[in-house]
Amino acid sequence: MLRSLILDNCESLSVVELNNSSLVNLSLAGCRSMTFLKLACPKLQVVILDGCDHLERASFCPVGLESLNLGICPKLSVLRIEAPNMSILELKGCGVLSEASINCPCLISLDASFCRQFMDDSLSQTAEACPLIEHLILSSCLSIDVRGLSSLHCLQKLALLDLSYTFLMNLKPVFDSCLQLKVLKLSACKYLSDSSLEPLYREGALPMLVELDLSYSSIGQTAIEELLACCTNLVNVNLNGCTNLHELVCGSDYCRSGDMPIDAFPPDSAPDKTKEIRESSDCQLEVLNCTGCPNIKKVVIPSTANYLNLSKINLNLSANLKEVDLKCSNLYNLNLSNCNSLEILKLDCPRLANLQLLACTMLQEDELKSALSFCGALEILNVHSCPQINTLDFGRLQAVCPTLKRIQSSLIA
């Protein structure tokens with residue numbers, strides 16, 4: 001009874017077909033000439049394909065595998081899988097995969113990032129056959145469109161969806177079908193407009209969403225402000241590299257339809273869902289990342305914004321940022337490094353413990369001392385490469401903020 005088979009480095013082997021009911025372990029590492037693989041091994045638990053970088057067609061029907069990584073097969077174009085126990089499938093980097101039949105009823109995680117020819121039909125078939133998927137990564141799947149996304153209604157447990165680096169313009173199928181979604185990644189989706197996200201902040205779509213990534217997208221100033229003001233369920237927001245973000249002034253009433261006041265609707269009209277959103281619980285935001293936003297000049301978060309849970313803000317590499325005014329009662333970590341235009345710094349953050357000001361070349365010492373006087377828990381301060389800050393006498397800074405334990409500067413490690 002054959003349970004293990006090792007065919008490593010059989011470089012002349014181009015076709016492998018195995019039909020074995022007892023095979024558990026199979027190694028084909030280094031079979032660089034293999035272009036066709038067909039396995040019908042229902043007890044197969046381990047298959048090693050390292051170095052099989054010329055594999056073009058593969059069939060695993062049926063197999064007992066619980067996980068499979070085919071991202072090491074960049075020429076794979078046709079794939080069939082029937083694996084009743086499989087929970088994790090990695091296809092990352094299968095750039096020419098155009099035909100995929102995936103029947104894995106226990107599948108929880110599918111990573112198809114960089115599968116540029118992964119089509120709507122393949123996505124639809126996968127969604128129907130694998131209803132338990134919770135994590136679906138379709139980053140750089142350039143062939144996926146609205147028709148494919150419409151099949152996501154089959155995935156009632158979908159919690160994470162990554163559509164980064166795609167050409168999508170319409171997210172309606174996501175908003176309509178993925179009500180349980182917790183994480184949505186839309187990084188570098190250049191064709192998304194402000195109106196693409198309106199269901200989030202005007203209609204209360206995706207009520208379970210806690211993390212939203214819009215990094216390097218073309219989303220505009222107003223849409224960003226409305227998202228932050230109205231989507232109070234969000235915990236983690238990434239706006240890294242957003243070129244259309246010019247200022248971030250939180251706490252204003254952006255939950256409105258266009259320029260029309262919310263109370264302008266007649267008494268007998270349907271209530272505006274954004275009013276319900278605005279009157280919901282305080283903002284749950286904990287982490288705000290705005291690294292490398294080249295055009296942002298001003299960030300203001302007053303106490304009235306009710307960002308009671310905000311603990312981390314990252315504005316690193318925002319070269320044109322001139323003014324930061326924060327009143328955040330639970331802010332713990334603030335990164336303003338490489339903000340070399342920063343001149344105005346106002347902080348009322350009683351729990352701030354870590355303040356990074358590396359290479360803030362325009363920041364004056366008096367401005368810093370004034371800011372520190374309202375940060376009674378600060379322990380770590382980085383003012384390395386800050387020429388306006390006196391690096392010879394830090395006693396004055398410690399006198400303002402006695403809790404300081406570590407000061408990083410050009411002279412003190």
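The rules we used
- Residues numbered from 1 in each chain as written.
- Predicted model: local features only at pLDDT ≥ 70, side-chain atom pairs only at ≥ 80, totals over all residues.
- Heavy atoms only, no water.
- Salt bridge = Lys/Arg side-chain N within 4 Å of Asp/Glu carboxyl O.
- Helix = DSSP H or I, 4+ residues; strand = E, 2+ residues; numbered from the N terminus.
- Buried < 20%, exposed > 50% of the residue type's maximum accessible area, 1.4 Å probe, protein only.
- Core = buried A, V, L, I, M, F, W, Y, C linked by side-chain atoms within 4.5 Å.
- Lys, Arg positive; Asp, Glu negative; His and termini not counted.
- Contact = heavy atoms within 4.5 Å.
- Pairing = 2+ DSSP bridges.

- The name recorded for the protein chain in an unreviewed UniProt entry is F-box/LRR-repeat protein 15/At3g58940/PEG3-like LRR domain-containing protein, from Aegilops tauschii subsp. strangulata.

**Re the pattern of salt bridges**
- Inspection of every chain in the model, using the stated rule, returns eight salt bridges.
- Note that Asp 53 is salt-bridged to Arg 32, the shortest N-O span being 3.5 Å. Here the residue Asp 53 occupies a position in the loop between β5 (46-48) and β6 (57-63), and Arg 32 occupies one in the loop between β3 (25-27) and β4 (36-41), the gap between them amounting to 21 residues.
- Residue Asp 53 is classed as partly exposed on the basis of its relative accessible area of 25%.

**What to know about helix α5 (residues 221-230)**
- Among the 10 residues of α5, eight are classified as buried, and the element is accordingly described as predominantly covered.
- Among all positions of α5, only Gln 221, Ala 223, Ile 224, Glu 225, Glu 226, Leu 227, Leu 228 and Cys 230 are buried.

**A look at the nonpolar core**
- The biggest cluster of nonpolar side chains holds 129 residues, and the ones touching the most others in it are Phe 60, Leu 326, Leu 357 and Leu 368.
- For this core, the element with the highest residue contribution is α5, accounting for five residues.

**With respect to the side chain of Asp 120**
- Assignment of secondary structure puts Asp 120 in helix α1 (residues 120-129).
- Among buried charged residues, Asp 120 stands out as having no salt bridge; its nearest opposite-charge side chain is Arg 147, 4.1 Å away.
- Residues contacting Asp 120, with those up to four places away along its chain left out, are Ser 143, Ile 144, Asp 145, Arg 147 and Gly 148.

**Considering the pairing of β4**
- The pairing of strand β2 (residues 15-19) with β4 spans five bridges and is parallel. If you follow Val 15 over to β4, its bridge partner there is Phe 36.
- Looking at chain direction, β4 and β6 are connected through five bridges and run parallel. Following the sheet pairing, Phe 36 is matched in β6 by Arg 57.

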